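Read off the chains here:
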Amino acid sequence: MTKHNLTKTDYGCYCTSCRWKWRTPPANQCPGVPRFGRWVDVPDYLKTKSELFKAGLKPRENLGPDGCLQPPNDKYPRYWLYDERQAIPKHKPTSDSGEDLAKEKAIAYEAKRLWESKEIYTETYKGTAISALPMVRAKFISFKARAQVRGLPGEFDCVEVETNRSLATHIQAVQFTREFLDQLLKQGVPNRTLDRENLHEYLRQWGGGLIRLQDSGAGFYIRVNCDSVKVESNDFWDVGAPTTAQKTGLFSPYTSLLAKPNVNYWSWSSHPESQQVCPELSLLLTLPEPNPSVRQVLEALPEGKDPFFEPEKNSHHSRLNFSTFSTRGRFALREDKYKLRSAFIEWHEAAQSQLGIEPLNRIYQVLYGTSWELIEEILTPSSGEWWEVLGVKPNASKAEVKKAYRRLVGMFHPDINKSVKAHERAVAINRAYEQYQELYQI
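Bear in mind that the values here come from a model prediction, so they are computed numbers and not experimental data.

**Student:** Tell me about the overall build of the protein, and name the residues and values.
**Tutor:** When helices and strands are counted, the protein shows 13 helices and 15 strands. Going through the 442 residues of the protein one by one, you find that 46% of them count as buried. Residue pairs in contact within the protein that sit at least 24 positions apart in sequence constitute 57% of those at least 6 positions apart. Roughly 23,200 Å² of accessible area belongs to the protein as shown, and the carbon and sulfur atoms make up 50% of that amount.

If you want it as structure tokens, here you go:
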């Protein structure tokens, strides 16, 4: 228990550590982590030790609790809560001291340093350089890995691979890639995967694609890489279908820009060869070019974070925890961010109506390097100002706020919406509406 880290607000004071608010300065001490007054307010991913043990898990060593349950009238927390996503199997042997513990601690601190400085960690494995790239997510430290491997057996002897999932540390990202490289070096690029019966034909046609290794979706983006072949002209288009080598040389200026920030894909529509880069790009260019507000949001998505996210000010963290670090989004301080978000939501809904959810999801993944979860956070944010969470203007009328609140509660009430994050979003919506009521004395 520590002193509260208080900041003044229009309705009294607020602690940035336990996220509790009062009319007058409190006399009790702060638990140092977010606290919840009722069980219904606790997010699904936070568990007590007993709940973790029942699931065969235990809190990770050297990391304290991530939250607590402490009703308003209680002097001390009734239960300490831990992030289930950071837990480890309770039967896994761990060391309380010595080299293993020191190594784990050193990796965690190095991951934090790399993530904050945006440095790229590189490790060589069987002659192949594997780079761990820090992904600037809104709320979590994470890394992706990328490698270019040569000398593979089979038709595709040189490919570039990149993880389609994020890992908690640079070491985990490299290890995940090592296992895939072992498979490629031994067997070459597989022709049959979970998603495709004939991957080789797909790679010949498009020059790249996704290899999903598990039903969970974990896998790699793979690009056929024949950079030794250069094409000086487009004459071969008139004499038949281009070869894979010709495609790679022709498309390399385009493929090198995929999933990069500040790229307007509609500016490529006047180049016929761009229509053959990948099916996702061809599908995107069937949509009308969006207005500048929408393009700004789309071009910010490859940064890997919610462009509207604003971290809490003066937050204090007494321990290393991957879930506690955050980075401000590109539009967080802009006065017109409501206009930008509304324009993007309108474009997204129109695109989903025309293309469908799955094709649009692939466009976000391949062209903008982002996940559907991040898109959902932009569409229905669970953090930010009360008016952002409720999806209304800052100066919205009482009737508009009430209407928006009822609509969102109807969408995310756990009794209606059975998705994993429904409860978390319902809590955020109720909290935002309470903030609105307290702010305007309603």
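That was the structure; now back to the text.
**Student:** Give a detailed account of the nonpolar core, specifying residues and quantitative values.
**Tutor:** One finds Tyr265, Leu284, Leu298, Trp347, Tyr364, Leu367 and Tyr368 to be the most contacted residues of the largest nonpolar core, which totals 36 residues. Elements that contribute at least two residues to this core include exactly helix H6 (279-284), helix H7 (292-300), helix H8 (337-355), helix H9 (357-368) and helix H10 (372-379). In this view, Leu284 contacts Tyr265, Trp266, Trp347, Ile363, Leu367 and Tyr368; residues no more than four positions away in its chain are not counted. One finds Tyr125, Ala147, Leu181 and Trp206 within the second-largest nonpolar core, a separate group that totals 32 residues.

**Student:** Tell me about the layout of surface pockets, and name the residues and values.
**Tutor:** Estimated volume of the second largest pocket: approximately 160 Å³. Top element by residues in the lining of the second largest pocket is helix H13 (residues 422-439). It accounts for four residues.

**Student:** Which residues make up the sheet that holds strand E3 (residues 21-22), and what values do they have?
**Tutor:** What links the strands of a sheet is backbone hydrogen bonding, and the strands pair in either a parallel or an antiparallel sense. Read from one edge of the open sheet, three strands run E1-E2-E3, paired in antiparallel fashion. Each edge of the open sheet is held by one strand with a lone partner, namely strand E1 (6-9) and E3. Bridge analysis of strand E2 (residues 12-15) against E3 gives two bridges, and the strand direction is antiparallel. From the neighbouring strand, Tyr14 faces E3, where its bridge partner is Lys21.

**Student:** Summarise the side chain of His4; cite the residues concerned and give the values.
**Tutor:** Relative to the helices and strands, His4 is located in the segment before E1. A polar side-chain atom of His4 sits 3.4 Å from the main-chain carbonyl oxygen of Gln29.

**Student:** Got a sec to walk through empty space enclosed by the protein? Specific residues and values, please.
**Tutor:** A complete count under the given rule lists three cavities of 30 Å³ or more for this structure. The computed volume of the second largest cavity comes to approximately 50 Å³. Taken together, Asp306, Phe308, Phe309, Glu310, Lys337, Arg341, Ser383, Gly384 and Glu388 make up the full set of residues lining the second largest cavity. The class makeup of the residues in the lining of the second largest cavity is two nonpolar, two polar and five charged.

**Student:** Please provide a residue-by-residue account of helix H12 (residues 398-412), values included.
**Tutor:** Between its first and last C-alpha atoms H12 spans 21 Å; for 15 residues at 1.5 Å apiece the expected length is 21 Å, and the two agree. Residues of H12 that are buried include every one of Val401, Ala404, Tyr405, Leu408 and Phe412, and no others. The arc that holds every buried residue of H12, seen down its axis, measures 100°, which confines them to one face. Opposite the buried face of H12, by more than 90 degrees, sit the exposed residues Ala399, Lys403 and Arg406. Packing partners of the buried residues in H12 comprise helix H11 (386-390) and H13.

**Student:** If you had to explain the sheet that holds strand E7 (residues 67-69) to someone new, which residues and values would you point to?
**Tutor:** Taking strand neighbours across the sheet as the criterion, the four strands line up as E4-E7-E8-E5 in an open arrangement whose pairing is mixed. Each having just a single partner strand, strand E4 (35-36) and strand E5 (46-47) make up the two edges of the open sheet.

**Student:** Give me the lowdown on the pattern of salt bridges, citing residues and values where you can.
**Tutor:** The tally for this structure, following the rule as stated, stands at 18 salt bridges. The shortest N-O distance in the salt bridge between Arg330 and Glu303 comes to 2.5 Å. Taken together, the positions of Arg330 in the loop between H7 and H8 and Glu303 in the loop between H7 and H8 put the pair 27 residues apart, joining distant regions of the chain. The partner of Glu388 in a salt bridge is Arg341, with the nearest N and O atoms 3.2 Å apart. Taken together, the residues Glu388 in helix H11 and Arg341 in helix H8 connect sequence positions 47 residues apart. Like Glu388, the residue Arg341 is buried in the burial classification. Because the salt bridges share partners, they merge into one network encompassing Glu110, Arg113 and Glu119.

**Student:** Tell me about the packing of aromatic side chains, residues and numbers included.
**Tutor:** This structure, assessed with the given rule, holds eleven aromatic pairs. Considering the side-chain rings of Trp386 and Tyr436, the 4.8 Å spacing of their centres and the 45° angle between planes classify their relative orientation as tilted. With a gap of 50 residues between them, Trp386 in helix H11 and Tyr436 in helix H13 connect regions that are remote in the sequence. The class of Trp386 is buried, set by a relative accessible area of 6%. Ring pairing ties together the aromatic residues Trp386, Tyr405, Tyr433 and Tyr436, which thus form one cluster.

**Student:** A description of the pairing of strand E13 (residues 158-163) should follow, citing residues and the corresponding values.
**Tutor:** Burial analysis of E13 places five of its six residues in the buried class, the great majority of the element. As defined by bridge partners, strand E12 (residues 141-150) adjoins E13 across five bridges and the pair is classed as antiparallel. By the bridge assignment, Arg146 is partnered in E13 with Glu162. Inspection of the sheet shows E13 paired to strand E15 (residues 219-224) by five bridges, in the antiparallel sense. Opposite Thr163, over in E15, you have Phe220 as the bridge partner.

Definitions and limits used
- Residues numbered from 1 in each chain as written.
- Predicted model: local features only at pLDDT ≥ 70, side-chain atom pairs only at ≥ 80, totals over all residues.
- Heavy atoms only, no water.
- Helix = DSSP H or I, 4+ residues; strand = E, 2+ residues; numbered from the N terminus.
- Buried < 20%, exposed > 50% of the residue type's maximum accessible area, 1.4 Å probe, protein only.
- Contact = heavy atoms within 4.5 Å.
- Areas by Shrake-Rupley, 256 points an atom, 1.4 Å probe, with all protein chains shown as cover.
- Core = buried A, V, L, I, M, F, W, Y, C linked by side-chain atoms within 4.5 Å.
- 1 Å grid on protein atoms, 1.4 Å probe; cavity = no way out; pocket = protein on both sides within 12 Å on 5 of 7 lines; lining within 4 Å.
- Points joined across faces, edges and corners; volume = space filled by probe spheres on them.
- Pairing = 2+ DSSP bridges.
- Polar contact = N/O pair within 3.5 Å; in protein donor to acceptor, adjacent residues only side chain to side chain.
- Nonpolar A, V, L, I, M, F, W, Y, C, P; charged D, E, K, R; others polar.
- Expected span 1.5 Å × (residues − 1).
- Arc of directions from axis to C-beta.
- Salt bridge = Lys/Arg side-chain N within 4 Å of Asp/Glu carboxyl O.
- Phe/Tyr/Trp six-rings, centres within 6.5 Å; stacked < 30°, edge-to-face > 60°.

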